[in-house]
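For reference, the chains in residue letters:
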Amino acid sequence: MQPFHKTRLAPTPSGFLHLGNAFSFILTAAIASKHGASILLRIDDLDRSRVKREYLADIFDTLTFLDIDWDEGPRTVNETLKSYSQHRRLALYKESISELNAKGFLFPCACSRKDLASAGLLGGCTGRCQTKEEPFALKLKECPERLAIHLYASGISYLPYPKSTSQFIVQKKDGLPSYHLASVVDDIHFGVDLVVRGKDLWDSSLAQVYLASLTHGLQPYTATTFFHHSLVTENGAKLSKSAGHTSIQHLRKKGLSKEAMYQQAGAFFGLQEKVSNLQEFTQVVHPMRIIGTE
Ligand SMILES: [Zn+2]
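Parameters and conventions
- Residues numbered from 1 in each chain as written.
- Predicted model: local features only at pLDDT ≥ 70, side-chain atom pairs only at ≥ 80, totals over all residues.
- Heavy atoms only, no water.
- Helix = DSSP H or I, 4+ residues; strand = E, 2+ residues; numbered from the N terminus.
- Buried < 20%, exposed > 50% of the residue type's maximum accessible area, 1.4 Å probe, protein only.
- Contact = heavy atoms within 4.5 Å.
- Lys, Arg positive; Asp, Glu negative; His and termini not counted.
- Charge placed at Lys NZ, Arg CZ, Asp CG, Glu CD.
- Donors = N, O, S within 2.8 Å, 3.2 Å for Na, K, Ca; no water.
- Tetrahedral: all angles 85-135°; square planar, octahedral: opposite > 155°, others 65-115°.
- Phe/Tyr/Trp six-rings, centres within 6.5 Å; stacked < 30°, edge-to-face > 60°.
- Core = buried A, V, L, I, M, F, W, Y, C linked by side-chain atoms within 4.5 Å.
- Pairing = 2+ DSSP bridges.
- Axes fitted to C-alpha atoms, helices over the stretch in contact; angles between N-to-C directions.

Our focus in this paragraph is the overall build of the chain. Counting its regular elements, the chain contains 10 helices and 11 strands. Counting only C-alpha atoms and orienting by the principal axes, one finds that the chain spans roughly 60 × 40 × 40 Å. Every one of the 294 residues in the chain was classed for burial, and the buried ones make up 48%. For the chain, restricting intrachain contacts to residue pairs at least 6 apart in sequence, the fraction spanning at least 24 positions comes to 73%. For the chain, the distance from the average position of its 34 positive side-chain charges to the average position of its 29 negative side-chain charges is 4 Å.

With that settled, consider the coordination of the zinc ion. Coordination of the zinc ion by the protein comes from C109 (SG), C111 (SG), C125 (SG) and C129 (SG), over a distance range of 2.3 to 2.4 Å. One way to put it: the 4 donor atoms around the zinc ion meet at angles of 102 to 122°, and that makes the site tetrahedral. Ordering the donors of the zinc ion by residue number gives the pattern C-x1-C-x13-C-x3-C. Separated by 20 residues along the polypeptide, C109 in strand β3 (residues 106-109) and C129 in the loop between α5 (113-118) and β4 (137-140) bring together distant segments of the chain.

Moving on: the packing of aromatic side chains. Using the criterion set out here, one finds 9 aromatic pairs in the structure. Between the aromatic rings of F60 and W70, the centroid separation amounts to 6.1 Å while the plane-to-plane angle is 45°, which identifies the pairing as tilted. On the criterion of sequence distance, the pair formed by F60 in helix α2 (residues 53-66) and W70 in the loop between α2 and α3 (77-84) is long-range, its members being 10 residues apart. Both rings, one in Y161 and one in Y210, keep their centres 6.1 Å apart while their planes meet at 65°; by these two values the pair is edge-to-face. Taken together, the residues Y161 in the loop between β6 (155-160) and β7 (169-171) and Y210 in helix α7 (residues 202-214) connect sequence positions 49 residues apart.

Of all hydrophobic cores here, the largest spans 43 residues; its most connected members are I26, L27, L66, I68, M261 and F281. Broken down by secondary-structure element, the contributors of at least two residues to this core are α1 (19-35), β2 (38-41), α2, β8 (194-198), α9 (258-268) and α10 (278-284). Among the elements that take part in this core, α1 stands out by supplying 10 residues, more than any other. Not counting chain neighbours up to four residues away, the residues in contact with I26 comprise L66, I68, M261, Y262, A265, L278 and F281. Of all hydrophobic cores here, the second largest spans 33 residues; its members include V170, L176, V209 and Y221.

In this section: the sheet that holds β4. Paired through backbone hydrogen bonds, the strands of a sheet run either parallel or antiparallel to each other. A sheet is described by the order of its strands in space; here 3 strands give the open sequence β3-β4-β7, paired in antiparallel fashion. The open sheet is flanked by β3 and β7, the only strands paired with a single partner. Taking each pair of neighbouring strands and ignoring which way they run, the sheet shows an average axis angle of 45°. Sheet topology note: the β3/β4 ladder contains 4 bridges and is antiparallel. Directly across from L106, in β4, lies its bridge partner L140. Helix-sheet contacts for helix α4 (residues 90-102) involve β3, β4 and β7, and the interaxial angle to β7 is about 120°.

It is worth stressing that arrangement in space is one thing and function is another; only the former is reported here.
In structure tokens:
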């Protein structure tokens, strides 16, 4: 198997983790183990208004419950806030934003979501906003028609760029970097070369690879390999962190054991064998055979 250097678990502490998060952690840990990659725990806590201590604690509780270990990153809530918060890397994000701006790739936009919606736009700019008077975001001017991306199953693939993700935000109105920007900068900073994530982040992967291609310091990211897995849904809808009954906390209180959780994850990813822990899951999972991977 191709060796990878590092992958990451990148939860957002904006709610209690649900079954989908747990399955994604399990798959990421198994793939990392198969490829000899180390695991970074990177907690995406940029949006302070949504972060709560109990959500941070839930991340550590869940990983401990699943018996998933990581090689790098915080071990406690306090360590997260003190040493690993994304707010400690704001200077790094700023540096990339300044480079993009200096190269002329960005434009200011003060449009609100309401402005865009009433103009029938999903993103971009109405062209009528007043950036002299109002706080503005910085958005990417142009996106390509097609883009090369390294996919786990098919290697380098030249794919259409999603229209829904054109002219995306790089710096928000509050001055903080967007998720796309922070995610790429972090992955480069920590040396991540394998990203395992849900299919819902497909457009993000393309947006992030494109962003990296424009920025000198982030270019190694264009060689990052992506693995997109299916998502756990309930009646066809993506699980949300606010739907309490699928949260790991709730399921554990109802008596769900670690073994049962691994069995469920195995069944979800189409394994024929019964598995009850990470070692067994890793042994029998064939990442290339996982249905609906890419
Ligand atoms: Zn605008």
